[in-house]
Amino acid sequence: MGLIMPAADKAVLAGRAGLVAELGRILPPDAVISAESALAPYECDALTAYVQRPLAVVLPRTTAEVSAVLALCHQRKVKVVPRGAGTSLSGGALPLEDGIVLSLARFNRILDIDLANRCLTAQPGVTNLALTRAVEADGFFYAPDPSSQIACTIGGNVAENSGGVHCLKYGLTTHNLLGLEMVLIDGTVIRLGGKALDGPGYDLLGVITGSEGLLGVVTEVIVRLTPKPQAICALLAGFDTVEAAGTAVGAIIGAGIVPGGIEMMDNLAINAAEDFCHPGYPRDAAALLIVELDGPAGEIGAQMDHVGELLSAAGAKTLRRTVDDAERLGFWAGRKAAFPAVGRISPDYLCMDGTIPRSRLPEILTKIAALSAHYGLRCANVFHAGDGNLHPLILYDANIPGDLDKAEAFGADILRACVAAGGVLTGEHGVGIEKRDLMGEMFDETDLAVQQRLKCAFDPTGLLNPGKVFPVLHRCAELGRLHVSGGKLRFPELPRF
């Protein structure tokens, strides 16, 4: 895919010592990292194929400190990459050689729990799972639940508009976000939304959600809490073909049933998960579906019967209905452990993220199998099948010359197939650098220019997370014209491991 980033500005590099000294004057001594050895943990995120050591890393504790850091960087024209837990799979938190990393790791407190208004206020460094843990004893939960929820943070979830296995019924981050506090590149602090369900003016909250750190740094988040359902039950169905499993997904949704979640795994992922955490999956199945229903206790039994009939009619060869909550959680444990489980059977893998219309699922699964044969690389498929969000895991070995190039080409072809099928390049992982050079598959130059005009409104000097999302940059002055032909900045090569 030829992933590339901006080159270092020699003047900025030469002034590194001065920058670190100035940062040290506005932050506590332990909040500035500049030693080469200490910078190593920050040189990549979970897209580990690409690395870049930053000028420095700062770890502020307060909004005032974030404001001071950004104001200094704005004054000195120093680039800034915001970072949460570093679980991004698209290179969204990849540093810049001539920029600093602003880590939100110390913003790790829950500030307010308001059960009367069904909302919770937290700092961005609080993990996704911690939100549910804080309110589950009171009968509530935070609905979006990415597989990395034990580690990923709510600030990162906002940046990527994360989903999870239950987003089919309960929505993505954007549907569960009520308000936030954010610091702009010049140090200005703004608040958007709040505990009320709606407000006047432009939906800037929606603009910020999924903006990948290009518009500002989020320092506080207000999320919606959801009451626990009265009853929850799940079905595990095994199929002889992945196409049959894909057809079954369409049958369930077409029947007017909206499960809490529908997840799919193929045989490679099934066996990797079974070896890793022993959830009791059928090893001989070509594909399995986990279908979870929740709601009023009186309705769940009848709905489960109906879903069982639909799965059997679609060709399910094995069908298990959970008998208790422990078994249900066991089903989900295997699915949520799929990524680390696959890591045990391959030295490296790329986790792709595309979304398609559900009706095209069987077709895309067939296409992925053909691409796997073409590139000679195995692919373990794990899908949020209910909402058409695909996570093919392309297995490769970085020690074999050319393997990473093949894996990237394979992934690019999967994403092109998603777009051709009427889908999009990303469902919840963001664009980052991974999909940046594929944005032209979805958008023409005018579309991308309009999006960049929005960035220019928030960040006119282009200092926030530059090099991400847009394959070609236009200078803000040029974007004032309808015809965008000049002022283009292309990126030089990005170092790999």
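Predicted model, so just to flag it, every value in this text is computed and none were measured.

A few points about the nonpolar core
Phase 1 of the analysis: By size, the foremost hydrophobic cluster in this structure holds 89 residues, and its most contacted members are Leu289 and Leu311.
Phase 2 of the analysis: The leading source of residues in this core is helix α15 (residues 403-420), at 9 residues.
Phase 3 of the analysis: In this structure, Leu311 is in contact with Leu235, Ala237, Phe239, Ala248, Ile252, Leu289, Val291, Ala316 and Leu319, ignoring residues within four places of it in sequence.
Phase 4 of the analysis: The next biggest cluster of nonpolar side chains, apart from the first, holds 25 residues, and it includes Leu70, Leu102, Phe107 and Val183.

Focus: the environment of Ala237
Phase 1 of the analysis: Structurally, Ala237 can be placed in strand β12 (residues 231-239).
Phase 2 of the analysis: For Ala237 and Val80, which are 157 residues apart along the polypeptide, the C-alpha to C-alpha distance reads 47 Å.
Phase 3 of the analysis: Excluding residues that lie within four positions of it along the chain, Ala237 makes contacts with Ala287, Leu288, Leu289, Leu311, Ala316, Thr318 and Leu319.

Some thoughts on the sheet that holds strand β9 (residues 189-193)
Phase 1 of the analysis: Ordered in space as β5-β6-β10-β8-β9, the 5 strands form an open sheet in which the pairing is antiparallel. Each end of this open sheet is capped by a strand with a single partner; those strands are β5 (110-114) and β9. The mean angle between the axes of side-by-side strands here comes to 10 degrees, regardless of whether they run parallel or antiparallel.
Phase 2 of the analysis: One ladder, built from 6 bridges, connects strand β8 (residues 177-183) with strand β10 (residues 217-224); its direction is antiparallel.

Focus: the confidence of the model for the protein
Phase 1 of the analysis: In this model, the protein carries an average pLDDT of 92, and 94% of its residues clear a pLDDT of 70 or more.
Phase 2 of the analysis: Low pLDDT, under 50, characterises residues 1-5; the predicted model gives this stretch 33 contacts beyond four residues in sequence or across chains.
Phase 3 of the analysis: Between residues 482-487, whose pLDDT stays under 50, and residues either more than four places distant or in other chains, the model counts 13 contacts.

Here we look at the packing of aromatic side chains
Phase 1 of the analysis: On inspection of all chains with the given rule, the structure shows 2 aromatic pairs.
Phase 2 of the analysis: Ring centres of Phe141 and Tyr170 lie 5.5 Å apart, and the angle between their planes is 90 degrees; this geometry places the pair in the edge-to-face category. Of this pair, Phe141 sits in strand β7 (residues 140-141) while Tyr170 sits in helix α7 (residues 167-170), and the two are 29 residues apart along the sequence. We note that Phe141, like Tyr170, is buried.
Phase 3 of the analysis: Consider the rings of Tyr375 and Phe410, whose centres lie 5.5 Å apart with planes at 15 degrees: the pair is stacked.

Cut-offs used in this document
- Residues numbered from 1 in each chain as written.
- Predicted model: local features only at pLDDT ≥ 70, side-chain atom pairs only at ≥ 80, totals over all residues.
- Heavy atoms only, no water.
- Core = buried A, V, L, I, M, F, W, Y, C linked by side-chain atoms within 4.5 Å.
- Buried < 20%, exposed > 50% of the residue type's maximum accessible area, 1.4 Å probe, protein only.
- Helix = DSSP H or I, 4+ residues; strand = E, 2+ residues; numbered from the N terminus.
- Contact = heavy atoms within 4.5 Å.
- Pairing = 2+ DSSP bridges.
- Axes fitted to C-alpha atoms, helices over the stretch in contact; angles between N-to-C directions.
- pLDDT = per-residue confidence, 0-100.
- Phe/Tyr/Trp six-rings, centres within 6.5 Å; stacked < 30°, edge-to-face > 60°.

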